[in-house]
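Summary of structural features
One letter stands for each residue in the lines below.
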Amino acid sequence: MRRLLPIGFAAFTLASLAIFFFGDSGLATYQGLLRYDRSLAANVEALKQRNQDLAVRLQRLKTDRESNVMLARDIGMYEPGVAVVKLTGRPPRSEIYAMGDLLMRRKADAGRNAAYKEAALSAAVVLLLAVFLATRIGRRKADGARRR
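Since the model is a prediction, treat every value here as computed from it, not as a measurement. (Residues numbered from 1 in each chain as written. Predicted model: local features only at pLDDT ≥ 70, side-chain atom pairs only at ≥ 80, totals over all residues. Heavy atoms only, no water.)

Thoughts on the overall build of the protein chain
Summing up its helical and strand segments, the protein chain has 4 helices and 0 strands in all. For the protein chain, the α and β elements follow one another from N to C terminus as α-α-α-α. Here the analysis covers contacts within the protein chain between residues at least 6 apart in sequence; of these, 69% occur between residues at least 24 apart. Taken as a whole, the protein chain presents about 12,800 Å² of accessible surface, with 62% of it coming from carbon and sulfur. (Helix = DSSP H or I, 4+ residues; strand = E, 2+ residues; numbered from the N terminus. Contact = heavy atoms within 4.5 Å. Areas by Shrake-Rupley, 256 points an atom, 1.4 Å probe, with all protein chains shown as cover.)

A few points about a positive patch on the surface
A contiguous patch of positive charge, built from Arg3, Arg136, Arg139 and Arg140, is present on the exposed surface. Position of arginine 136 relative to the elements: it lies in helix α4 (residues 110–147). (Patch = residues over 30% accessible without salt bridge, like charges linked within 9 Å, V, L, I, M, F, W, Y side chains within 5 Å. Salt bridge = Lys/Arg side-chain N within 4 Å of Asp/Glu carboxyl O. Lys, Arg positive; Asp, Glu negative; His and termini not counted. Charge placed at Lys NZ, Arg CZ, Asp CG, Glu CD.)

Topic: helix α3 (residues 65–74)
For α3, the set of buried residues is Ser67, Val69 and Leu71. Residues of α3 that are buried in the fold lie against α2 (27–63). The N-capping residue of α3, defined by a side-chain oxygen 3.4 Å from the backbone nitrogen of glutamate 66, is aspartate 64. Immediately beyond the C-terminal end of α3, within one or two residues, lies glycine 76, with a positive phi of roughly 95°. (Buried < 20%, exposed > 50% of the residue type's maximum accessible area, 1.4 Å probe, protein only. Polar contact = N/O pair within 3.5 Å; in protein donor to acceptor, adjacent residues only side chain to side chain.)

Section: the confidence of the model for the protein chain
Considering every residue of the protein chain, the mean pLDDT works out to 76; 80% of them sit at 70 or more. Taken element by element, the predicted model of the protein chain shows its lowest mean pLDDT in α4 (73) and its highest in α2 (87). (pLDDT = per-residue confidence, 0-100.)

Examining a nonpolar patch on the surface
A cluster of nonpolar residues, Leu17, Phe20, Phe21, Phe22, Leu27 and Tyr30, forms a patch on the protein surface that exposes about 570 Å² of accessible area. Going through the elements one at a time, α1 (4–22) and α2 are the ones with two or more residues in the nonpolar patch. Here the nonpolar patch takes 4 residues from α1, the largest share from any one element. For tyrosine 30, the position within the fold is in helix α2.

If you want it as structure tokens, here you go:
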């Protein structure tokens, strides 16, 4: 029993460390959340810059008639009497108001994390049982050798 306690403690520690590093609230998940946080911060900065650009463009559209004419031409509106020449075979322009990427957090795969936990705990239990059985078999052999 004296040998069993440190081995059981070691098995428990091993299982706990496996859960700590690979579980659903472990170090790997924490690193993923940090990466997600950095990407969200970068997305917010890009959207702030886009917002400033659109505010400048809006101010220009409110005050400059030529900007209105250019925007109208971009969307296919022309003043009466203007001759329009369309070129075929040219790729269309990109959309005027294309928004940045919306970053969505994927939910953690609960099955994967549960599998890590089950594997770590099962390995600890199997190791504990193996040590227990080895200790019992060793004692029986020792008792048998003493009796002879």
